[in-house]
Amino acid sequence: MPRLSEVIAALDTLWPPERAEGWDAVGPVCGEPDQEITRVLFAVDPVREIVDEAVKLGANLLVTHHPLYLRGTTTVAADTFKGRVVHTLIKNDIALHVAHTNADRADPGVSDALAGALDLRVVRPLVPDPTDPEGRRGLGRVCELDHPLTVRELAARAAGRLPATAQGIRVAGDPEAVVRTVAVSGGSGDSLFDDVRAAGVDAFLTADLRHHPASEARAHSPLALLDAAHWATEWPWCELAAAQLDEISDRKGWGLRVHVSKTVTDPWTAHAASTETPNAMGAPN
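Owing to the predicted nature of the structure, the values given are computational and were not obtained by experimental measurement.

The next point concerns the sheet that holds strand β7 (residues 170-172). In space, the 6 strands of this open sheet follow the order β5-β6-β8-β9-β10-β7, with mixed pairing throughout. Among the strands making up the open sheet, the edge pair consists of β5 (121-128) and β7. In this sheet, adjacent strand axes meet at a mean angle of 25 degrees when their direction is disregarded. Across the sheet, helix α9 (residues 230-252) touches β8 (178-188), β9 (203-207) and β10 (224-228), and the angle it forms with β8 is around 90 degrees.

Structure (structure tokens):
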């Protein structure tokens, strides 16, 4: 069985920590470098439900996309929810490793997995990494559809292919407009609107779209917007990442057992549709 330090070294070849954004917090969070690793669990969020799942599974390494402590902390006290996560991990000899924006920029990375889930053909990065001479790494992806779809049909495909959430898929734009090219970005994507417009695509699928950036984007062009749940757009990466580690394990003869959590950690749990169709009469008094 490999040691934790060996597995981390392998993960760092997939998602080098130096390619993370400067504000990010990636890499090992806890775990003894010399401990043996036999079972690995991939998930989006390092929350209590996922840690409990890792304990039940008998995993000794948890790999998550989101950091546990993104902005630092002064305590890991067990009466805080993040402190309880740390205590549970250490008590059960479970290491935690984070691959966040370094996985976003990777080739393949988070947005490649999102495009793959929707059967989109990746053409190029939306925001290329200037350090990549081959032009394959970077944030987001510009994609092509195998055949044109309406915005409504593309939204239905996304709703059917991505994990189910209370939010589903929100749409801005003409539902009957034809889509041939799509930009995708796993996670929060409304900081990329300038790049999306420059790419000249018909639609942009991402998550966490806010009112003002979305409104301004629609005012600039007929670009259709598809807003999915943050967790749902990043979960496909867990399957991609698990397959990558499986391949490394087979090549090195490690015999790791690699799992992907199907626990829904999207914070939204219910959705109530409006009872009336929006119209030009304005908001109710």
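There is more to say after this.
Further remarks concern helix α8 (residues 211-220). For α8, the set of buried residues is P213, A214 and A217. Projected onto a plane normal to the axis of α8, the buried residues spread over an arc of 95 degrees and lie on a single side. Of the residues in α8, the exposed ones pointing more than 90 degrees away from the buried face are H211, H212 and A219.

By the secondary structure assignment, V26 is in the loop between α1 (4-14) and β1 (27-30). Its relative accessible area of 24% is what places V26 among the partly exposed residues. In this structure, the C-alpha to C-alpha distance between V26 and A99, residues 73 residues apart in sequence, is 5.5 Å. Ignoring anything within four residues of it in the chain, the contact list for V26 reads P17, A20, V98, H100, T101 and N102.

Turning our attention to the environment of L162. Secondary-structure assignment places L162 in the loop between α6 (151-161) and β7. When the C-alpha positions of L162 and D12 are compared, they lie 27 Å apart, and in sequence the two are 150 residues distant. Every residue in contact with L162, bar those within four places of it in the chain, is listed here: L114, A117, L118, I169, A228, A232 and P236.

A few words on the pattern of salt bridges. In total, this model carries 16 salt bridges according to the counting rule given. Residues D107 and R136 are paired through a salt bridge, measuring 2.7 Å at the closest nitrogen-oxygen approach. Taken together, the positions of D107 in the loop between α4 (101-104) and α5 (110-117) and R136 in the loop between β5 and β6 (138-150) put the pair 29 residues apart, joining distant regions of the chain. Exposure remark for D107: the relative accessible area of 35% places this residue in the partly exposed category. R197 is the partner of D194 in a salt bridge, and the nearest nitrogen-oxygen pair spans 2.6 Å. With a gap of 3 residues between them, D194 and R197 both fall in helix α7 (residues 193-199), about one helical turn apart. Residue R197 is classed as partly exposed on the basis of its relative accessible area of 28%.

Conventions used here
- Residues numbered from 1 in each chain as written.
- Predicted model: local features only at pLDDT ≥ 70, side-chain atom pairs only at ≥ 80, totals over all residues.
- Heavy atoms only, no water.
- Pairing = 2+ DSSP bridges.
- Helix = DSSP H or I, 4+ residues; strand = E, 2+ residues; numbered from the N terminus.
- Axes fitted to C-alpha atoms, helices over the stretch in contact; angles between N-to-C directions.
- Contact = heavy atoms within 4.5 Å.
- Buried < 20%, exposed > 50% of the residue type's maximum accessible area, 1.4 Å probe, protein only.
- Arc of directions from axis to C-beta.
- Salt bridge = Lys/Arg side-chain N within 4 Å of Asp/Glu carboxyl O.

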